[in-house]
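One-letter residues, chain by chain:
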Amino acid sequence: MEKSLDKELRDARRKGAKPMMWISMVSMTMMFAGLTSAYVISSNREDWVSFDLPVAFQWSTVLILLSSVAYFIAKRTAKSGNKTMTTIMLLVTLGLGLGFVYGQFKGFDALQDMGLYFTGPKSAVSSSMLMVIVFAHILHVAAGVISLLVVTYKQLLGMYTTDDTLGLELGEIFWHFLDLLWIGLFCFFYFNT
């Protein structure tokens, strides 16, 4: 009886995992929609400073796109039973994700080199808002990296099988969401800075 109840609870959690992931992504999207709306409204201020988006943001965009491709391959190889390639592709995804974060901070450095700061007497509303939005995305990527570390650890322990890749799939959905979110933000800033 107790084992039957445990199995029911486990099955219920599995069924609710993806819908809960989608709900959380919708709320994150709404948060970034609010932040970008504030950016647009603030762009009408008299003290608004326009600037070119640092090249580092372009390179980091390429890295996060490649990381999504690597994660996609990892899931495909997990479903086909190729554990070695799955592990390799998860580690590639992790490396590219960390490269993305590094590129974001290089973008912050480039903004400072242009004389645009987050706070202080040399700060501008436009660069401050850009940095807030980008940093909020970086925090979400940090959560994605933690998720990726957990997925990779479980992969190394052999917890995923060709029939059970739910954790890997949830991590992939979130990672692809972060990728699409950044592409949207990058395009928004590219055309609005």
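Model, not experiment: these values are computed from the prediction.

Tallying secondary structure elements over the protein gives 5 helices and 0 strands in all. Moving toward the C terminus, one meets the helices and strands of the protein in the order α-α-α-α-α. Taking the principal axes of the C-alpha coordinates as reference, the protein spans close to 70 × 35 × 25 Å. Within the protein, the fraction of its 193 residues that count as buried is 43%. Of the contacts made within the protein by residues no fewer than 6 positions apart, 83% connect residues no fewer than 24 positions apart. Only carbon and sulfur atoms are counted for the fraction: they give 67% of the accessible area of the protein, which is about 10700 Å².

It is worth spelling out a nonpolar patch on the surface at this point. Nonpolar side chains collect at one region of the surface, where Val69, Phe72, Ile73, Met85, Ile88 and Val92 lie side by side and expose about 450 Å² of accessible area between them. Put simply, the parts of the chain that give the nonpolar patch at least two residues each are α2 (55-80) and α3 (83-113). Classification of Phe72 as partly exposed rests on a relative accessible area of 40%.

One can find Thr86 in helix α3. The exposure class assigned to Thr86 is buried, which follows from its relative accessible area of 0%. Of note is the side chain of Thr86, whose polar atom sits 2.8 Å from the side chain of Thr77. Within the structure, Thr86 has its side chain in polar contact with the backbone nitrogen of Ala78 (distance 2.9 Å).

Next up on the list: the packing of aromatic side chains. The tally for this structure, following the rule as stated, stands at 11 aromatic pairs. A centroid spacing of 5.4 Å and a plane angle of 70° characterise the contact between Tyr39 and Phe188, whose relative ring orientation is edge-to-face. Here the residue Tyr39 occupies a position in helix α1 (residues 2-42), and Phe188 occupies one in helix α5 (residues 166-192), the gap between them amounting to 149 residues. Both residues of the pair, Tyr39 and Phe188, count as buried.

We now examine the environment of Trp182. If you trace the backbone, Trp182 turns up in helix α5. Along the backbone, Trp182 and Val134 are 48 residues apart, and their C-alpha atoms lie at a distance of 8.6 Å. Apart from residues lying up to four places away in sequence, Trp182 is in contact with Phe57, Ser60, Thr61, Ile64, Phe100, Gln104, Val134 and His137.

A packed helix pair is summarised by two numbers, namely the angle formed by the two axes and the spacing between the axes. For the pair α3 and helix α4 (residues 125-156), interaxial distance at closest approach is 10 Å and the crossing angle is 160°. Judged on the interaxial angle alone, α4 and α3 are roughly antiparallel. Between α3 and α4 lies a crossing of left-handed hand. By residue class, the composition of the contact of α3 with α4 is 20 nonpolar, 7 polar and 1 charged.

Where α2 contacts α3, the two axes come as close as 8 Å, and the packing angle between them is 165°. With respect to α3, the element α2 is oriented roughly antiparallel. Considering only the axes of α2 and α3, their crossing is left-handed.

Conventions used here
- Residues numbered from 1 in each chain as written.
- Predicted model: local features only at pLDDT ≥ 70, side-chain atom pairs only at ≥ 80, totals over all residues.
- Heavy atoms only, no water.
- Helix = DSSP H or I, 4+ residues; strand = E, 2+ residues; numbered from the N terminus.
- Buried < 20%, exposed > 50% of the residue type's maximum accessible area, 1.4 Å probe, protein only.
- Contact = heavy atoms within 4.5 Å.
- Areas by Shrake-Rupley, 256 points an atom, 1.4 Å probe, with all protein chains shown as cover.
- Patch = residues over 30% accessible without salt bridge, like charges linked within 9 Å, V, L, I, M, F, W, Y side chains within 5 Å.
- Salt bridge = Lys/Arg side-chain N within 4 Å of Asp/Glu carboxyl O.
- Polar contact = N/O pair within 3.5 Å; in protein donor to acceptor, adjacent residues only side chain to side chain.
- Phe/Tyr/Trp six-rings, centres within 6.5 Å; stacked < 30°, edge-to-face > 60°.
- Axes fitted to C-alpha atoms, helices over the stretch in contact; angles between N-to-C directions.
- Parallel < 35°, antiparallel > 145°, perpendicular 65-115°, else oblique.
- Left-handed = near helix turned anticlockwise from the far one by under 90°.
- Nonpolar A, V, L, I, M, F, W, Y, C, P; charged D, E, K, R; others polar.

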